[in-house]
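An overview of the molecular structure
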Amino acid sequence: MVEIESLKKWIELYGEKVTENKEHLNQLDSDIGDGDHGSNLTRGAAAVKEKVSESEYENLSDFFKDIGMTLVSKVGGASGPLYGSAFISMAKQAKESDDLAVLLEAGLDGIQKRGKAEAGEKTMVDEWIPVVEALKENNLTNKVIEDSLQKTKDMKATKGRASYLGDRSIGHIDPGAQSSAYLFESLLEAGVLNG
Amino acid sequence: MGKEIGMLVVSHVNDIANGLSKLLDQVAQDVTIKAIGGTEDGEVGTDYARIQEAMDSFEEDKVWAFYDLGSAKMNLEMAMESSDKEVRLFDTAFIESAYTAASLIQADVGEDAIVTQLDELKIKE
């Protein structure tokens, strides 16, 4: 069971991380994409912060929905509908469960439904799948997060903008996996799992 | 409302969306064409909220949607899921297919015949 206060902390930390690492995300994205992933997420994070800070939430679903709807509108790039779909899907699931593994699995489903990506295509999904698996086993650590991220480096992109590069996408960490890693590192730091 | 089908064109760049709309207006004076491009603050990107608003604002029940790149498609699909309109999304060459559709809708060519022609312009998954 998760508490809204610790989830707020989670989202706040995530916003700080993407903002602090804006240039790094932009750089990863310019290597294999269009170079705006950090800027887009920073814009989204600012909008989410404003939205969430001025609202009181009585249930998880409303909280996740606000985040999702803000992200789809404010982020601009492909990460908007992808992260947005994750949170909107989590909002739906939160009406039935408050188990974090179940919620994030619903988030992953939302991303896959929207982006139609499978494992191994060098996308954010390659970060989400192992994290959700680890959460189910009560075994999410920074090592799981980091190892999954590094694995995207050797993958060849077959989905998304990076797929235009074919073999040249190999050797670069996927920017969406990197921003997702920040999301899950923030989850650990916020102590959501301890609650 | 001139024709049964309205057209929605979505680009990452406002000038591209408006430019395409200008091109289409030349061959399709009676077709409702709405163009959405860029983010709310004029940056490169696509904006779900504006796409949704444009989609729902058609008088026509049928809306045919054309887009440039992947995230425009994702936002269009999200908008379709919560819209009452009968929206058809085309994974076709953006300018060529929108131009073909506009001119054929204007000429009252049947829907199926237009779709068959557009199928040949399919270049996206």
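Residues numbered from 1 in each chain as written. Chains lettered and ligands numbered in written order. Predicted model: local features only at pLDDT ≥ 70, side-chain atom pairs only at ≥ 80, totals over all residues.

An unreviewed UniProt entry annotates chain B as phosphoenolpyruvate--glycerone phosphotransferase originating from Marinilactibacillus psychrotolerans. Its UniProt record gives chain B a comment under Subunit (unreviewed entry), which states: "Homodimer. The dihydroxyacetone kinase complex is composed of a homodimer of DhaM, a homodimer of DhaK and the subunit DhaL." (UniProt positions renumbered as here; feature names shortened; annotations may be inferred.)

As annotated in an unreviewed UniProt entry, chain A is phosphoenolpyruvate--glycerone phosphotransferase from Marinilactibacillus psychrotolerans. Quoted verbatim from the Pathway (unreviewed entry) field of UniProt, the annotation for chain A is "Polyol metabolism; glycerol degradation."

Moving on to the overall build of chain A. When helices and strands are tallied, chain A shows 9 helices and 0 strands. Helices (α) and strands (β) of chain A occur, in sequence order from the N terminus, as α-α-α-α-α-α-α-α-α. For a compact globule of 195 residues, the expected C-alpha radius of gyration is about 16 Å, and chain A comes in at 15 Å, within 12% of that figure. In terms of its C-alpha atoms, chain A occupies a principal-axis envelope of roughly 50 × 35 × 25 Å. Out of the 195 residues belonging to chain A, those deemed buried represent 53%. (Helix = DSSP H or I, 4+ residues; strand = E, 2+ residues; numbered from the N terminus. Rg over C-alpha atoms; globule rule 2.2 N^0.38 Å. Buried ≥ 20, exposed ≤ 12 C-beta atoms within 10 Å, placed from the backbone.)

Within chain B, the regular secondary structure consists of 5 helices and 4 strands. The helix and strand sequence of chain B, counted from the amino end, reads β-α-β-α-β-α-β-α-α. With the C-alpha coordinates of chain B rotated into their principal frame, the extents come out at 35 × 25 × 25 Å. By residue count, 45% of the 125 residues in chain B fall in the buried class. Residue pairs in contact within chain B that sit at least 24 positions apart in sequence constitute 72% of those at least 6 positions apart. (Contact = placed C-beta atoms within 7 Å.)

Look at the UniProt record and you will see "domain: DhaL" (unreviewed entry) annotated at residues 5–189 of chain A. As annotated, residues 5–189 of chain A comprises 69% helix and 0% strand, and the C-alpha atoms at either end are separated by 14 Å.

This part is about the pairing of strand β1 (residues 5–11) of chain B. Residue and element names in this part refer to chain B. Burial within β1 is extensive, with 7 of its 7 residues counted as buried. Here β1 shows a buried face lined by I5, M7, V9 and S11 and a second buried face lined by G6, L8 and V10. Of the strand pairs in this sheet, β1 and strand β3 (residues 62–67) are connected by 6 bridges, and their pairing is parallel. Note that in β3 the partner of I5 across the bridge is K62. Across 5 bridges, β1 lies against strand β2 (residues 33–37) in parallel orientation. Counterpart to V10 in the pairing with β2 is I36. Regarding topology, helix α1 (residues 14–27) serves as the crossover connection from β1 to the parallel β2, and that connection is right-handed. (Pairing = 2+ DSSP bridges. Right-handed = clockwise from strand over helix to strand, strands pointing away.)

Attention shifts here to the interface of chain B and chain A. Contacts between the two partners involve 12 residues from chain B, matched on the other side by 11 residues from chain A. Of all elements in the fold, only α2 (48–56) and α3 (70–81) of chain B reach the threshold of two or more residues within the side of chain B that touches chain A. Ranked by the residues each element gives to the side of chain B that touches chain A, the list is headed by α3 of chain B, at 5 residues. Residue classes in the side of chain B that touches chain A are distributed as 4 nonpolar, 6 polar and 2 charged. (Nonpolar A, V, L, I, M, F, W, Y, C, P; charged D, E, K, R; others polar.)

Moving on: the nonpolar core. Ranked by internal contacts, the top residues of the largest apolar core, which has 88 residues, are M7, V9, V10 and A65 of chain B. Among the elements that make up this core, the one with the highest residue count is helix α5 (residues 79–93) of chain A (7 residues). Leave out the neighbours within four places in its chain, and V10 of chain B touches A17, I36, T46, I51, A65, Y67, A72 and L76 of chain B. (Core = buried A, V, L, I, M, F, W, Y, C linked by C-beta atoms within 7 Å.)

Per-residue confidence for chain B gives a mean pLDDT of 95; residues scoring 70 or more make up 99%. In the predicted complex, the global pTM is 0.90; the interface-specific ipTM is 0.81. (pLDDT = per-residue confidence, 0-100.)

Bringing the UniProt feature "domain: PTS EIIA type-4" (unreviewed entry) in chain B into the picture now. According to UniProt, the positions carrying the feature "domain: PTS EIIA type-4" (unreviewed entry) are residues 4–125 of chain B. The annotated region residues 4–125 of chain B carries 47% helix and 19% strand content, and the separation between its end C-alpha atoms amounts to 27 Å.

The next subject is helix α1 (residues 4–20) of chain A. Residue and element names in this part refer to chain A. With 17 residues, α1 extends 24 Å between its outermost C-alpha atoms, agreeing within 8% with the 24 Å of an ideal straight helix rising 1.5 Å per residue. Here α1 has its buried residues at L7, W10, I11, Y14, G15, K17 and V18. The buried residues of α1 occupy one face: seen down the axis, they fall within an arc of 165°. Structural note: α1 exposes E5 and E20 on the side pointing more than 90 degrees away from its buried face. At its buried positions, α1 is contacted by α2 (22–32), α3 (37–53), α4 (60–74) and α9 (175–189). (Expected span 1.5 Å × (residues − 1). Arc of directions from axis to C-beta.)

To continue, consider the environment of S103 of chain B. Residues and elements named next belong to chain B. Assignment of secondary structure puts S103 in helix α4 (residues 94–106). For the pair S103 and D25, spaced 78 residues apart in the sequence, the C-alpha separation amounts to 9.2 Å. Not counting residues up to four positions away in its chain, the partners in contact with S103 are V27 and A28.

Residue and element names in this part refer to chain B. Reading across the sheet, the 4 strands line up as β2-β1-β3-β4 and stay open at both edges, with parallel pairing between neighbours. Only two strands of the sheet have a single partner each, and these edge strands are β2 and β4 (86–90). Within this sheet the neighbouring strands show an average axis-to-axis angle of 20°, counted without direction. (Axes fitted to C-alpha atoms, helices over the stretch in contact; angles between N-to-C directions.)

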